[in-house]
Every structure is written in C-alpha cells, then in structure tokens.
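# An overview of the molecular structure
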Amino acid sequence: MNLLSLIYVGAGGCVGSVLRYIISLWFNEKFPNSFVPYGTLLVNVVGSFLLGVILEFSLHGDLSYNVRLFLTTGIMGGLTTFSTFSYETVALINSALYSQAIANVALNLGLGLGGALAGISLVRLIFKF
C-alpha cells in the first residue's frame, strides 16, 4: 500500500458516493412509496454490472493497477450500497414487512448477480476474450 494508491481509492470513492447519493435522491423522489428501495437496488445492479465489466476487461486489457483501484475499490465501492441494502432489509423486517424484505433480498441478489454476469459477458463478446 502506498500513498498514491490511497489517493486513487479515495478519489474514486468520492465520485462513487456522490453518484450513489444523486441516484438515490432521484429515485426516492420519483417513487416515494415504492415496494422496495429502488435507488439502492439500481446502484447495486449497475455497480455489479460495471464491476464485472471493469474486472473482466482488466484481466485481458491494459489497465494499470492504480486505474483499476480507482474504478473498482474507489468508484464501485462508493457507488454500491450493500450496507444500506442490509440496513433497509432489516428495517423492512422490523416493520413486519416480510414480503417486501424478501423481495428486496431476491431482487438485489438476483439482479446484482445478473448484472455482474452481463458485464463479464459483454466484455467477452466485444473483445472476444
């Protein structure tokens, strides 16, 4: 670990966190009484997809270590919100909204895994890896 790597991660985390905040605000305003927290769902799915794209490309492409840190640990780490997802799911359970809690877990897990698979597949298709 060196100072430059920490700067790359911190800068990326700033970008990802701001993006997450903007997306969550927009979805919460658009869908105030939604069945599940769609802002968190969206950033988890998009983040999973983009992380799949970035990591698959980095396995086969020319991506420097610090750029990979900036994009993955930084931006994707700041963007994706597993801790928020966990808290929101527990809050749904504590409110006895069990079907909503189950739907939230199933959607985040299923679509998040699907996003990662889609990202990997897209890179393999485009770059013939």
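As recorded by an unreviewed UniProt entry, the protein chain carries the name Fluoride-specific ion channel FluC and is attributed to Fervidobacterium thailandense. Under the heading Catalytic activity (unreviewed entry), UniProt records this for the protein chain: "fluoride(in) = fluoride(out)". Listed under Function (unreviewed entry) in UniProt, the entry text for the protein chain is "Fluoride-specific ion channel. Important for reducing fluoride concentration in the cell, thus reducing its toxicity."

## Examining the UniProt feature "binding site: Na(+)" (unreviewed entry) in the protein chain
Cross-referencing UniProt, the feature "binding site: Na(+)" (unreviewed entry) maps to Gly77 and Thr80 in the present numbering. Considered against the largest pocket, the annotated residues that line it turn out to be Thr80. Tracing the chain through its elements places Gly77 in helix H3 (residues 65-79). Apart from the residues within four sequence positions on either side, Thr80 is in contact with Arg20, Val43, Asn44, Gly47 and Ser48. Among the polar contacts listed, one links the side chain of Thr80 to the backbone oxygen of Met76, at a separation of 2.8 Å.

## Examining the packing of helix H2 (residues 38-60) against helix H5 (residues 98-127)
Packing of H2 against H5 leaves a shortest axis separation of 7 Å and a crossing angle of 30 degrees. Accordingly, the angle class assigned to the pair H2 and H5 is roughly parallel. For the element pair H2 and H5, the recorded crossing hand is right-handed. Of the residues in the contact of H2 with H5, the class split is 13 nonpolar, 8 polar and 2 charged.

## Quick look at the layout of surface pockets
If a probe as big as a water molecule is rolled over the atoms, it shows which places are left empty. In this structure, the largest pocket spans a volume of roughly 160 Å³. Forming the walls of the largest pocket are Asn44, Ser48, Thr80, Thr81, Phe82, Phe85, Asn108, Leu109, Gly112 and Leu113. Contributions of two or more residues to the lining of the largest pocket are made by H2, helix H4 (82-94) and H5. It is H5 that contributes the most residues to the lining of the largest pocket, 4 residues altogether. Partitioned by chemical class, the residues of the lining of the largest pocket number 4 nonpolar, 6 polar and no charged.

Cut-offs applied
Residues numbered from 1 in each chain as written. Predicted model: local features only at pLDDT ≥ 70, side-chain atom pairs only at ≥ 80, totals over all residues. Heavy atoms only, no water. UniProt positions renumbered as here; feature names shortened; annotations may be inferred. 1 Å grid on protein atoms, 1.4 Å probe; cavity = no way out; pocket = protein on both sides within 12 Å on 5 of 7 lines; lining within 4 Å. Helix = DSSP H or I, 4+ residues; strand = E, 2+ residues; numbered from the N terminus. Contact = heavy atoms within 4.5 Å. Polar contact = N/O pair within 3.5 Å; in protein donor to acceptor, adjacent residues only side chain to side chain. Axes fitted to C-alpha atoms, helices over the stretch in contact; angles between N-to-C directions. Parallel < 35°, antiparallel > 145°, perpendicular 65-115°, else oblique. Left-handed = near helix turned anticlockwise from the far one by under 90°. Nonpolar A, V, L, I, M, F, W, Y, C, P; charged D, E, K, R; others polar. Points joined across faces, edges and corners; volume = space filled by probe spheres on them.

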